Structures are given as C-alpha cells and as structure tokens.
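One-letter residues, chain by chain:
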Amino acid sequence: DQIEAFLQPAVACETGDVAFVEAVVRWRHPESGLIPPSLFLPAAEAAGLGGAVDMAVLRSACAVAARWCARGDRIDLSLNLSLSVLADPEARAELCAVLSSFDIDFSHVIFECALPSASAPEAPGLYESIRSLRAEGLRFALDNAGGHHTDPAGLFALTPDFVKVGPQGMATLA
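In this text, all values refer to a predicted model and were calculated from it rather than measured experimentally.

### Quick look at the environment of L58
No. 1: Along the chain, L58 turns up in helix α2 (residues 50–70).
No. 2: Considering only alpha carbons, one finds L58 and L95, 37 residues apart in sequence, at a separation of 7.7 Å.

Encoded structure:
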C-alpha cells in the first residue's frame, strides 16, 4: 500500500483537450516521503518485484478511472508495464482480469513499454505478447522517451499506436 499511482494528463496539441492520463508510480516511503521511480524501480526489478509494482499501479489507476467512469467521465488510461510482465502469460492474464474487475473498457487502455535490445531475455516472446494484448483490444505505446535501446526496425515490427521518443531517440531516428 506504499506504491501509488498518480495520473498525469497528456494534452492533444491541436485541441488542448486531455488525450489520456498516464499512471506514474511513486513510492510513499513512511520516513522519506514520495520517492520517484528512478530511485526504486531498478532495485524492484532486480529483486523480481517489477511485476508486483506494475500490478499495484494498475489497481490504483483502475480504481481512479472506475470512479471517473461512474460519474460519466470517460478518459483513456496509459500504464507503463515492465518487459517481464509483458513476457509472462500469467501476468498478462492478471492484467486483463484486473481491468475486467474494474469494468474498464480495454479499448480505453494504452500499455507502454520500452523497446528492448535484441539481446534482452524478454525479446523473443515480447512481440507475440504485445500482439496478444492488442487482440484483446488494448492499445500499445512504445516508450522510448529515455532513448534506451532505440532500434528503428523494432518500431516497425511492433506497430505501436503511439511512440514516445526523447531527444536521444530523435537523433537515432533522424
């Protein structure tokens, strides 16, 4: 219960409307207060807890989205998922079960992940995993805003609905 999702709006430049909200994670440490993901996610992943963090964020964000939907506000929800979750069939099933338990329409969910390098252990089954979730109705965003593992060929193989590219990635794609 120390892991919290905060919903950050993404605004469409052409209209000024909120296009979607992105769930960003923070650890509410009892003594240190809010801790950003860059300071705890690598250690959580290394300890095998990345999936648990992802599911905690998913539940927290879905609870907020369900309250919004109940009052008539329909907005798309974007969630970052670790490659380990995307590569695990049981975790993908749990993701769909959580969304269903909150009565979240899958077409209003965007899942984001960073593009792995070709040598990443999750890479072999990753493309099929993404195709499977997209077949369920979820949308996919390739989050390469940090510029890690930029592989232009991978962009086309995954056929994302959205691509987030940071300055380092722009240099690679140019």
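### Details of the nonpolar core
No. 1: In this structure, L58, L79, L95, L99 and F111 are the most contacted members of the largest nonpolar core, which totals 36 residues.
No. 2: Every element with two or more residues in this core is listed here: β2 (18–29), α2, β4 (76–80), α3 (83–87), α4 (89–101), β5 (109–113), α5 (123–135) and β6 (139–144).
No. 3: Here this core gets seven residues from one element, more than from any other, and that element is α2.
No. 4: For L58, the contacting residues outside a window of four places in its chain are L79, L95, V98 and L99.

### What about the packing of aromatic side chains?
No. 1: Summed over the entire model, instances satisfying the criterion amount to two aromatic pairs.
No. 2: Here the aromatic rings of W27 and F40 are separated by 5.8 Å at their centres, their planes lie at 70°, and the arrangement is edge-to-face. On the criterion of sequence distance, the pair formed by W27 in strand β2 and F40 in the loop between β3 (33–35) and α1 (41–46) is long-range, its members being 13 residues apart.
No. 3: Residue W27 is classed as partly exposed on the basis of its relative accessible area, which comes to 26%.
No. 4: We classify F40 as buried; its relative accessible area is 7%.

### Observations regarding α4
No. 1: A rise of 1.5 Å per residue sets the reference length of α4, with its 13 residues, at 18 Å; its end C-alpha atoms lie 18 Å apart and thus fit the reference within 8%.
No. 2: When α4 is considered as a whole, its buried residues turn out to be A91, R92, L95, C96, V98 and L99. Along the axis of α4, the buried residues cluster in a sector spanning 160°; they form a single face. What points out from α4, more than 90 degrees from its buried face, is the exposed set P89, E90 and S101.
No. 3: One side-chain oxygen of the residue at the start of α4 lies 3.0 Å from the amide nitrogen of E90, identifying that residue as D88.
No. 4: Downstream of α4 by a residue or two, D103 has a phi angle that is positive, lying close to 55°.

### A word on the side chain of S129
No. 1: Structurally, the position occupied by S129 is in helix α5.
No. 2: A polar side-chain atom of S129 sits 2.9 Å from a polar atom in the side chain of R92.
No. 3: Not counting chain neighbours up to four residues away, the residues in contact with S129 comprise L86, A87 and R92.

### A word on the side chain of R92
No. 1: Following the sequence through the fold, R92 ends up in helix α4.
No. 2: An unpaired buried charge is present at R92: no salt bridge exists, and D88, the closest side chain of opposite charge, is 6.2 Å distant.
No. 3: With near-sequence residues (within four places) excluded, R92 lies in contact with V85, L86, A87, S129, S132 and L133.

### What about the pairing of β2?
No. 1: Judged from the nine bridges that link them, strand β1 (residues 3–11) and β2 form a sheet pairing that is antiparallel. Bridge pairing in β2 places P9 opposite V21.
No. 2: The turn joining β1 and β2, which pair antiparallel and follow one another in sequence, is formed by six residues; a positive phi near 80° is taken by G16.
No. 3: Two strands pair when backbone bridges link them, and β2 and β4 are joined in this way by four bridges, in the parallel orientation. When the bridges of β4 are listed, V21 appears paired with L77.
No. 4: Bridging between β2 and β3 involves three bridges; their strand directions are antiparallel. Among the inter-strand pairings, H29 is bridged to a residue of β3, identified as G33.
No. 5: Here β2 hands over to β3 after three residues, the two strands then running antiparallel side by side.

Rules behind the numbers
Residue positions are given per chain, counting from 1 as you read along its sequence in written order. Where local features are concerned, this predicted model is filtered to residues with pLDDT of at least 70; where side-chain atom pairs are given and counted, the filter is 80 or more; whole-chain, interface and lining totals use all residues. Working from all heavy atoms in the structure, the side-chain values ignore hydrogens and water. Helix and strand definitions follow DSSP, with helices as H or I runs of at least four residues and strands as E runs of at least two, each counted in order from the N terminus. Put simply, buried Ala, Val, Leu, Ile, Met, Phe, Trp, Tyr and Cys residues joined by side-chain atoms within 4.5 Å make one nonpolar core. For the exposure calls, accessible area comes from a 1.4 Å probe over protein chains only, and a residue counts as buried if that area is under 20% of its type's maximum, exposed if over 50%, partly exposed in between. By the convention used here, residues are in contact when the closest approach between their heavy atoms is within 4.5 Å. Any two rings among Phe, Tyr and Trp, with Trp reduced to its six-membered ring, count as a pair given centres within 6.5 Å; such a pair is stacked if its planes are under 30 degrees apart, edge-to-face if over 60, and tilted if neither. Each residue after the first adds 1.5 Å to the expected span of a helix. What the arc describes is the spread of directions from the helix axis to the C-beta atoms. Counting of polar contacts relies on pairs of N or O atoms within 3.5 Å, with two restrictions inside protein: one atom must be capable of donating a hydrogen and the other of accepting it, and residues adjacent in sequence are counted only when both atoms are side-chain atoms. Under the convention used here, Asp and Glu are negative, Lys and Arg are positive, and both His and the chain ends fall outside the count. We define a salt bridge as a side-chain nitrogen of Lys or Arg found within 4 Å of a carboxyl oxygen belonging to Asp or Glu. Strand pairing is assigned whenever DSSP identifies at least 2 bridges connecting the two strands.

Any functional reading would require information that these geometric values do not contain.
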